[in-house]
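Listed below, chain by chain, are the residues.
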Amino acid sequence: MNENIIIINCGSQFTQLIARRLREMKVHSVILNWDSSCETVKAYSPKGIIISGGPDSVNDPDAITIDPEILNLGCPVLGICYGMQLLAKLSGGIVSSGNAKEYGVTKIRRTGKSELLNNSIHESINVLMSHGDNVSGLPEGFIITSSTEGEITSSIENSERKFYGLQFHPEVVHTEQGNEIIKSFVFGICKCSGDWDLEDWVEGTIASIRRDVGDGRVVCGLSGGVDSSVSAALVNRAIGGKLQCVFVDHGLMRLHEPEAVMNSYKDMGLNVIYVDASDRFLRELAGVTDPEKKRKIIGKLFIEVFEEEARKIKNAEWLLQGTIYPDVIESGLKKGAAVIKSHHNVGGLPEHMNLKLLEPLRDLFKDEVRVIGKIIGVPEAIVNRQPFPGPGLAVRCLGEITRERLDVLREADAIFRDELKRAGLYEGIWQAFCVLLPVRSVGVMGDSRTYNEAVVLRAIHSQDAMTAEWSRIDYDVLDRISKRICNEVRGINRVVMDVTSKPPATIEWE
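Every value quoted in this text rests on a predicted model; they were computed, and no experiment measured them.

Asks: With reference to specific residues and values, describe the overall build of the protein.
Replies: Assigned secondary structure in the protein consists of 14 helices and 18 strands. A globule of 510 residues ought to have a C-alpha radius of gyration of about 24 Å, and the protein, at 25 Å, matches this closely. Along the longest, intermediate and shortest principal axes, the C-alpha atoms of the protein span 75 × 65 × 40 Å. Across the 510 residues that make up the protein, the buried fraction comes to 58%. Across the protein, contacts joining residues at least 24 apart in sequence account for 75% of those joining residues at least 6 apart. In the structure as shown, the protein presents an accessible area of about 21,600 Å², 48% of it carried by carbon and sulfur atoms. Computing the positive centroid from 59 side-chain charges and the negative centroid from 70, the protein places the two 3 Å apart.

Asks: If you had to explain the nonpolar core to someone new, which residues and values would you point to?
Replies: Leu252, Phe281, Phe416, Leu420, Leu457, Ile485 and Ile492 are the most contacted members of the largest nonpolar core, which totals 49 residues. Ignoring sequence-local partners within four residues, the contact set of Leu457 consists of Phe416, Phe433, Cys434, Leu478, Ile481, Ile485, Val495, Val496, Met497 and Asp498. Among the nonpolar cores identified, the runner-up in size contains 39 residues, and Trp196, Ile206, Leu364 and Val383 belong to it.

Asks: Run through the packing of aromatic side chains, naming residues and quoting values.
Replies: In the structure shown here, the tally under the stated rule is three aromatic pairs. Geometrically, the ring pair formed by Phe142 and Phe163 is tilted, given 6.5 Å between the ring centres and 40 degrees between the ring planes. You can see Phe142 sitting in the loop between β6 (124-137) and β7 (143-148) and its partner Phe163 sitting in strand β9 (residues 163-166), a full 21 residues away along the chain. Residue class for Phe163 comes out buried when judged on its relative accessible area of 1%. Its guanidinium or amino end placed over the ring of Trp430, Arg370 lies 5.8 Å from that ring's centre, counting from NZ or CZ. Between Lys421 and the ring centre of Tyr426, over which it is positioned, the NZ or CZ distance is 4.9 Å.

Asks: So what about a negative patch on the surface? Which residues, and what values?
Replies: Residues Asp195, Glu199, Asp200 and Glu203 make up a contiguous surface patch of negative charge. Locating Asp195 in the fold gives a position in the loop between α4 (178-189) and α5 (198-213). Taking the relative accessible area as the measure of exposure, Asp195 reaches 30% and is therefore partly exposed.

Asks: Break down the packing of helix α13 (residues 403-422) against helix α14 (residues 475-488) for me, with residues and values.
Replies: In contact at an axis separation of 9 Å, α13 and α14 are set at 150 degrees when each is read in the N-to-C sense. Comparing the axis directions of α13 and α14 gives the class roughly antiparallel. Handedness of the α13/α14 crossing: right-handed. Residues Glu411, Ala412, Ile415, Phe416, Asp418, Glu419, Leu420 and Arg422 of α13 touch α14, and the partners they reach there are Val477, Arg480, Ile481, Arg484, Ile485 and Glu488. For the contact of α13 with α14, the residue count by class is seven nonpolar, no polar and seven charged.

Asks: An account of the confidence of the model for the protein is requested, with residue identities and associated values reported.
Replies: Note that predicted coordinates carrying low pLDDT should not be read in detail. Taken over all residues, the pLDDT of the protein has a mean of 89, while the share at 70 or more is 93%. Within the protein, no element has a lower average pLDDT than helix α10 (residues 325-330), which sits at 66, and none a higher one than strand β3 (residues 48-51), at 98. Contacts of residues 346-350 to residues separated by more than four positions or lying in other chains number 14 contacts, the stretch itself having pLDDT below 50.

Asks: Now, about the sheet that holds strand β10 (residues 217-222): what can you tell me, with residues and values included?
Replies: Taken in spatial order, the five strands make up an open sheet running β12-β11-β10-β13-β14, and their pairing is parallel. With one partner strand each, in any of the chains shown, β12 (272-276) and β14 (356-358) form the two edges of the open sheet. With direction set aside, neighbouring strand axes in the sheet form an average angle of 30 degrees. When β10 meets strand β11 (residues 243-249), the two strands line up parallel, connected through five bridges. Within β11, the position partnered with Cys220 by the bridge is Cys245. Strands in contact with helix α7 (residues 257-268) are β10, β11 and β12; relative to β11, the strand with the most contacts, it is inclined by about 170 degrees.

Asks: I'd love a proper account of the pattern of salt bridges, names of residues and values included.
Replies: Here the structure, examined in full by the defined rule, presents 27 salt bridges. Measuring nitrogen to oxygen at the nearest pair gives 3.5 Å for the salt bridge that ties Arg21 to Glu24. Placement of the pair is Arg21 and Glu24 together in helix α1 (residues 15-24), with a separation of three residues, close to one helical turn. Judged by relative accessible area, which is 5%, Arg21 ranks as buried. Across the pair Arg280 and Glu308 runs a salt bridge whose closest N-O atoms are separated by 2.7 Å. Highlighted residues: Arg280 in helix α8 (residues 278-285) and Glu308 in helix α9 (residues 291-310), separated in sequence by 28 residues.

Asks: Explain the packing of helix α6 (residues 226-239) against helix α11 (residues 366-375) to me, using residue names and the numbers behind them.
Replies: Two elements in contact, α6 and α11, have axes whose closest approach is 10 Å; the angle formed by their N-to-C orientations is 40 degrees. Comparing the axis directions of α6 and α11 gives the class oblique. For the pair α6 and α11, the crossing hand works out as left-handed. Packed against α6, whose contacting residues are Val226, Asp227, Val230 and Arg237, the element α11 presents Lys366, Val369, Arg370, Ile372, Gly373 and Ile375 at the interface. The class makeup of the residues in the contact of α6 with α11 is five nonpolar, one polar and four charged.

Asks: Break down the side chain of Arg370 for me, citing the residues and quoting the values.
Replies: Tracing the sequence through the fold places Arg370 in helix α11. As a buried residue without a salt bridge, Arg370 has its nearest oppositely charged side chain in Asp227, at a separation of 7.2 Å. Within the structure, the side chain of Arg370 is placed 2.5 Å from the backbone oxygen of Val383, a separation counted as a polar contact. Not counting residues up to four positions away in its chain, the partners in contact with Arg370 are Val226, Val383, Asn384, Arg385, Gln386 and Pro387.

Asks: Go over the side chain of His28, please, and point to the residues and values.
Replies: Locating His28 in the fold gives a position in strand β2 (residues 28-33). Among the polar contacts made by the side chain of His28, one reaches the side chain of Asn4 at a distance of 2.5 Å. If we ignore the near neighbours within four places in the chain, the residues touching His28 are Asn2, Glu3, Asn4, Ile5 and Trp196.

Asks: Got a sec to walk through the pairing of strand β4 (residues 77-80)? Specific residues and values, please.
Replies: The two faces of β4 match: Val77 and Gly79 on one face and Leu78 and Ile80 on the other face are all buried. Note that β3 and β4 share three bridges and pair parallel. Paired with Ile51 across the two strands is Gly79, which belongs to β4. As judged from the four bridges shared by β4 and β9, these two strands associate in the parallel manner. Bridge pairing in β9 places Ile80 opposite Leu166.

Criteria and cut-off values
- Residues numbered from 1 in each chain as written.
- Predicted model: local features only at pLDDT ≥ 70, side-chain atom pairs only at ≥ 80, totals over all residues.
- Heavy atoms only, no water.
- Helix = DSSP H or I, 4+ residues; strand = E, 2+ residues; numbered from the N terminus.
- Rg over C-alpha atoms; globule rule 2.2 N^0.38 Å.
- Buried < 20%, exposed > 50% of the residue type's maximum accessible area, 1.4 Å probe, protein only.
- Contact = heavy atoms within 4.5 Å.
- Areas by Shrake-Rupley, 256 points an atom, 1.4 Å probe, with all protein chains shown as cover.
- Lys, Arg positive; Asp, Glu negative; His and termini not counted.
- Charge placed at Lys NZ, Arg CZ, Asp CG, Glu CD.
- Core = buried A, V, L, I, M, F, W, Y, C linked by side-chain atoms within 4.5 Å.
- Phe/Tyr/Trp six-rings, centres within 6.5 Å; stacked < 30°, edge-to-face > 60°.
- Lys NZ or Arg CZ within 6 Å of the ring centre and 35° of its normal.
- Patch = residues over 30% accessible without salt bridge, like charges linked within 9 Å, V, L, I, M, F, W, Y side chains within 5 Å.
- Salt bridge = Lys/Arg side-chain N within 4 Å of Asp/Glu carboxyl O.
- Axes fitted to C-alpha atoms, helices over the stretch in contact; angles between N-to-C directions.
- Parallel < 35°, antiparallel > 145°, perpendicular 65-115°, else oblique.
- Left-handed = near helix turned anticlockwise from the far one by under 90°.
- Nonpolar A, V, L, I, M, F, W, Y, C, P; charged D, E, K, R; others polar.
- pLDDT = per-residue confidence, 0-100.
- Pairing = 2+ DSSP bridges.
- Polar contact = N/O pair within 3.5 Å; in protein donor to acceptor, adjacent residues only side chain to side chain.

Next comes the structure, spelled out in structure tokens:
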């Protein structure tokens, strides 16, 4: 049995980053919602507990809180941001609201001896703050271990009870030595050994799939992406011939992608039915411009197509989906979390669906999924494929979706990716794509006036899709891309580039 660090989610958008950091350290983590009982937490025999940040104030009448008995389990507890304030309040301290707000990178300085901020942590570091409340009265037995330049408490601890609080976020890249602070907690204080790896996960998941599916059959919705492909390969290894894959061509893929996808699945030895539903999807999407409506329509229709195919398959009981952690996070399914956008394989499932869901990758991040793919022998062309949204080009073709506008977007996107590959940049970029805007501007081509649409170039670097930085592409490469798109793609006369990171933006525009 793996050692467990329990992460109690109080609604922070950074909660899964904490889990990601722990997994990088080969420490198994389990995320539980804030309203989980003490008995639920205890059942995992945790080596330690981390209480996440959150959007509330602990002084609000209906503020999120945790079962106070969790603090009596006897294992170390680390509270981060809201988690620190909650830990302080439940321990008898005072949290003040509105007196001193801090947002952004702030310098803190250690103020004394600390088990958590030990000698391996520099005396002064820059950290990411995001809070409006602060701990103004220490609980009994606690000491202040660091403060900001404005004398606001930035960390506290009670070494006797093994309670630790950080007002900043060590899990984000903006915090200097954030990983070292987390390591200090999980290895130095919780005494974890780092015994978790993905090869063990593969073996356990295959056994679990065999047990759950039994004599039933599984219908797998293949999209051509990494997530659904690795899911299919994993389940195929577990149950073999009881897996029937279905590839639905919704007419929203990139240039020549359906043909390339089918060839890849043939090489993988998967049993795949090809369904051309492009006309059906485009009819349903005609005139729809709202991004949430697009996602819901695509998700609903996608499942309907599966249901139709499933009815043709004897003993089909399960629907396999490539849902991963970021999908769940951004769909806001965890109580207390904000909804950023719904995902077609998370929020668009109709209540009348006749198949049970099988989501083996639901608790993994994208880079972990790629590692799993390599372990089980998924071809490199699929494992290293850049992320592509389930709704496809529907969320990159802003405004009304027509076959003509999709063709324009496909051609521009193909040129963008082709030039990045020629320049040797494509492999080093997490995601690169074009977005077609429903915006027209005046241009001049030859001696004629044009009034055409604009296309946006979006290229980002990321590790887990939770945060992202825009890619600094050489100007000469951008110049070639812009000239080719304007010269070769009819209907485009302006090319712009998105230089916004995540946050504040999301990776996709819709």
